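Read off the chains here:
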Amino acid sequence: MILFKFQNVIPRKNIFSTDKAIPSVLIVTSRVNANLNIPIQRNRSMINIEVDAMYLKTLLDLSKKSSVVQSLLDNAQPLFFEEMIFPSLQAVVDELVTETVDETFALFFRRIKAEELICRLLMNLEKRSERQLYALNGHDIQMIYHIKELMLQKLESPPVINDLAIKASMSPTKLKRLFRQIFGNSIFSYYQTFRMNEAVRLLKAGKLSVSEVGYQLGFTNLSHFTRVFENHTGFKPKKFSVLQVKNFL
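Just so you know, these numbers come straight off a predicted model, no measurement behind them.

Caption draft 1: Here's a closer look at the packing of aromatic side chains. All told, the structure shown has nine aromatic pairs when counted by the stated rule. Here the aromatic rings of phenylalanine 188 and tyrosine 191 are separated by 5.7 Å at their centres, their planes lie at 45°, and the arrangement is tilted. Here tyrosine 191 and phenylalanine 188 lie together in helix α8 (residues 187-205), a separation of three residues that amounts to about one turn. On the accessibility criterion, tyrosine 191 (0% relative accessible area) is buried. One cation-aromatic arrangement involves arginine 177 over tyrosine 134; the distance from NZ or CZ to the ring centre is 4.0 Å. Of note, arginine 195 hangs over the ring of phenylalanine 219, and the distance from its end group to the ring centre comes to 3.8 Å.

Shown next, in the form of structure tokens:
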């Protein structure tokens, strides 16, 4: 079996709330240690879907698919991935969470939407570039999450790989390799994404100016902050407050 654990599945209209929680999905093969304390955001809305890997393989032509999807569905080694919930996936989550369906069709509806969620998720996993996946043990997974939490607690300080590797008791190469395998992104890119998510949250709260938000997140140059923010959100921070009120509330 493969477990898909959708965390913090809030409706799209609330996605720019002042809550720091970010919607994400954990994908876990049955060969991961059953006693592993999987890092979940407790007291959040969740959807758990378990699917037989062999059933999924009957639905897909894996002859030309990526090594990530192939390895996941082969389910021959312990694998663990996390994906942030992207817009097309969020749209299906919204339907599953909020749509009112007659009891006659409710089970059928939930099954279709569950399969659509998994299909879209696998389509996104296929975009990952890893050619070789490494079997994971519970200790390594927990250590990578520990490093992630340490990094995200200090968004004003860019991560230093050698320092994080010492804290993880791993070589820098192993730390970078396992982090990318689990999250599908480099350590710095992952950090920068959360840094900009925090900038969005702070700007939406409306208590700080653009320059104050930039300085609070470690930017000493306002132009650099503006450029990074626009690359991640499509908006300049000075225009964001007005635009997000118009488009998202």
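Caption draft 2: Inspection of the nonpolar core at higher detail. Among the nonpolar cores identified, the biggest contains 41 residues, and Phe80, Ile144, Met151, Leu175, Phe225 and Phe229 are the most heavily contacted of them. For this core, the secondary-structure elements that each account for two or more residues are β2 (24-29), α5 (138-153), α6 (161-168), α7 (172-183), α8, α9 (210-216) and α10 (222-233). Among the elements that make up this core, the one with the highest residue count is α8 (nine residues). Every residue in contact with isoleucine 144, bar those within four places of it in the chain, is listed here: Met170, Leu175, Leu178, Phe179, Ile182 and Phe183. By size, the runner-up hydrophobic cluster in this structure holds 30 residues, among which are Phe4, Ala114, Leu117 and Leu122.

Caption draft 3: Looking closely at the environment of isoleucine 49. Of note, isoleucine 49 is situated in strand β3 (residues 46-51). Residue classification places isoleucine 49 among the buried residues on the basis of a relative accessible area of 11%. Isoleucine 49 has contacts with Ile2, Leu3, Phe4, Phe6, Ala114, Leu117 and Ile118, leaving out every residue within four places of it along the chain.

Caption draft 4: Focus on the environment of arginine 195. On the secondary structure map, arginine 195 appears in helix α8. Excluding its chain neighbours within four sequence positions, the residues that come into contact with arginine 195 are Leu155, Leu217, Gly218 and Phe219.

Caption draft 5: Seen up close, helix α4 (residues 103-125). An ideal rise of 1.5 Å per residue puts 33 Å on 23 residues; α4 measures up with 33 Å between its terminal C-alpha atoms. Among all positions of α4, only Ala106, Phe109, Lys113, Ala114, Leu117, Ile118, Leu121, Leu122, Asn124 and Leu125 are buried. Two or three places before threonine 104, at the opening of α4, aspartate 102 has a side-chain oxygen 2.8 Å from that residue's backbone nitrogen.

Caption draft 6: Just the pairing of β2, in detail. Of all six residues in β2, six are buried; the element is thus mostly enclosed. Both faces of β2 are covered, namely the face carrying Ser24, Leu26 and Val28 and the face carrying Val25, Ile27 and Thr29. Here six bridges tie strand β1 (residues 2-7) to β2, and the two strands are oriented antiparallel to one another. The partner of phenylalanine 4 across the bridge, within β2, is isoleucine 27. With five bridges connecting them, β2 and strand β4 (residues 80-84) associate as antiparallel partners. Note that in β4 the partner of serine 24 across the bridge is methionine 84.

So, how was this worked out
- Residues numbered from 1 in each chain as written.
- Predicted model: local features only at pLDDT ≥ 70, side-chain atom pairs only at ≥ 80, totals over all residues.
- Heavy atoms only, no water.
- Phe/Tyr/Trp six-rings, centres within 6.5 Å; stacked < 30°, edge-to-face > 60°.
- Helix = DSSP H or I, 4+ residues; strand = E, 2+ residues; numbered from the N terminus.
- Buried < 20%, exposed > 50% of the residue type's maximum accessible area, 1.4 Å probe, protein only.
- Lys NZ or Arg CZ within 6 Å of the ring centre and 35° of its normal.
- Core = buried A, V, L, I, M, F, W, Y, C linked by side-chain atoms within 4.5 Å.
- Contact = heavy atoms within 4.5 Å.
- Expected span 1.5 Å × (residues − 1).
- Polar contact = N/O pair within 3.5 Å; in protein donor to acceptor, adjacent residues only side chain to side chain.
- Pairing = 2+ DSSP bridges.

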